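# A closer look at the structure
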Amino acid sequence: MKFLPFGAIDIGSNAIRLLIMNAIEYPDETKFKKVSLIRIPLRLGADVFSGQRISNMKSDQLLHAMTGYRHIMNAYNIIDYRAVATSAMREAVNGQELIRKIQEEIGIELEIINGKQEAEIIFNTGISQYIDAKKDYIYVDVGGGSTEVTVVSKNQKLEQESFNIGTVRMLTQKEDEAEVDRFKGFMRQQALRLKDISLIGSGGNINKLFKLMGKKYGESINADELKHMYDYLQRFTFDERIAVLRLNPHRADVILPATKIFLRAFKYANSKRIFVPRMGLSDGIVQQLYQKYKWELVQT
């Protein structure tokens, strides 16, 4: 039995994450187990969606965080890592400058990926083991700056798309109505060609909603339950969500726009349920790193 540690860094619009995960090679199968997850709610998108650039203060915070991530990956003696940046860094006018600085000062190679690349990585999380091969699904990942969507029918990936709709973007009142209409049109198109669509949700907010509802692993959330939770959350102020519901401050504000996006997905796709397997971009990165590692072994 072999333990193979990998690292995944995700520089998102709401938070930046470092995931350390072991690929455990048993004699008959390989399992992936999270060892450490460090999440810092830096909220780069609040700068970018309002002023098109990452401020000096948040640039310094990002450099400090990446320095720490570098040390942690060294301490775990990882085999390989991949660091990616998504919506906020894609749109920041000083995004490339920050990437060069991180490379030169810290030694971490950071790449900006586009929306479709992000959707592909998110889908590459071994999600097929959680779905019925005879049914139709739409995988919806809601982030701070964008929402990634993958359409799966009878275990076959049909289509992937990325939309500039996200929780931080909504909080900064920078949501583009044309993009919302594009999302609506895309989802309604799927509702016309597929039958009895189930949603698969990923992202920190849907995981928190799943927990708040007291759901157990393997259960789903229906549209009425999610609408009820949205109405319930709206009764509380931001401070009350922290004090009464015990939400972290960086979750207490974004959870409402995230719920709204998932409610839109329910409505536009005419779906009745959403499954929450608790996987995301970082998990997909590790899956890719492991496949790369195995391929390189074969080549040597």
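For the structure, check the block above.
A brief look at the structure comes next. (Residues numbered from 1 in each chain as written. Predicted model: local features only at pLDDT ≥ 70, side-chain atom pairs only at ≥ 80, totals over all residues. Heavy atoms only, no water.)

In contact at an axis separation of 7 Å, helix H7 (residues 177-193) and helix H12 (residues 255-269) are set at 40° when each is read in the N-to-C sense. Viewed along their axes, H7 and H12 adopt a mutual orientation that is oblique. In the crossing of H7 with H12, the sense of the turn from one axis to the other is right-handed. Every residue of H12 that contacts H7 at Val 180, Phe 183, Lys 184, Met 187, Arg 188 and Ala 191 is listed here: Ile 261, Arg 264, Ala 265, Tyr 268 and Ala 269. (Axes fitted to C-alpha atoms, helices over the stretch in contact; angles between N-to-C directions. Helix = DSSP H or I, 4+ residues; strand = E, 2+ residues; numbered from the N terminus. Parallel < 35°, antiparallel > 145°, perpendicular 65-115°, else oblique. Left-handed = near helix turned anticlockwise from the far one by under 90°. Contact = heavy atoms within 4.5 Å.)

Here the focus is the environment of Gln 173. Structurally, Gln 173 can be placed in the loop between helix H6 (167-171) and H7. A relative accessible area of 70% means that Gln 173 is categorised as exposed. Gln 173 sits 103 residues away from Val 276 along the chain, and the two C-alpha atoms are 28 Å apart. (Buried < 20%, exposed > 50% of the residue type's maximum accessible area, 1.4 Å probe, protein only.)

Side chains carrying opposite charge are able to pair once their charged atoms draw close together. Enumeration over the complete set of coordinates arrives at 18 salt bridges. By sharing partners, the salt bridges in this structure join Lys 116, Glu 161, Glu 179 and Arg 182 into a single network. (Salt bridge = Lys/Arg side-chain N within 4 Å of Asp/Glu carboxyl O.)

Taken together, the 6 strands give an open sheet; going across it, the order is E8-E7-E6-E9-E11-E10, and neighbouring strands pair in mixed fashion. Each edge of the open sheet is held by one strand with a lone partner, namely strand E8 (156-163) and strand E10 (220-222). Averaged over neighbouring strand pairs, the angle between their axes works out to 25° when direction is ignored. With 2 bridges connecting them, strand E9 (residues 198-202) and strand E11 (residues 273-275) associate as parallel partners. (Pairing = 2+ DSSP bridges.)

On to unusual backbone geometry, then. With a phi close to 70°, Gln 52 is a non-glycine residue in the positive phi region. Within the secondary structure layout, Gln 52 lies in the loop between helix H1 (44-51) and helix H2 (56-76). Residues other than glycine seldom take positive phi values, yet Arg 246 does so here, at roughly 65°. You can see Arg 246 is positioned in the loop between helix H10 (238-243) and helix H11 (249-252). Residue classification places Arg 246 among the exposed positions, given a relative accessible area of 65%.

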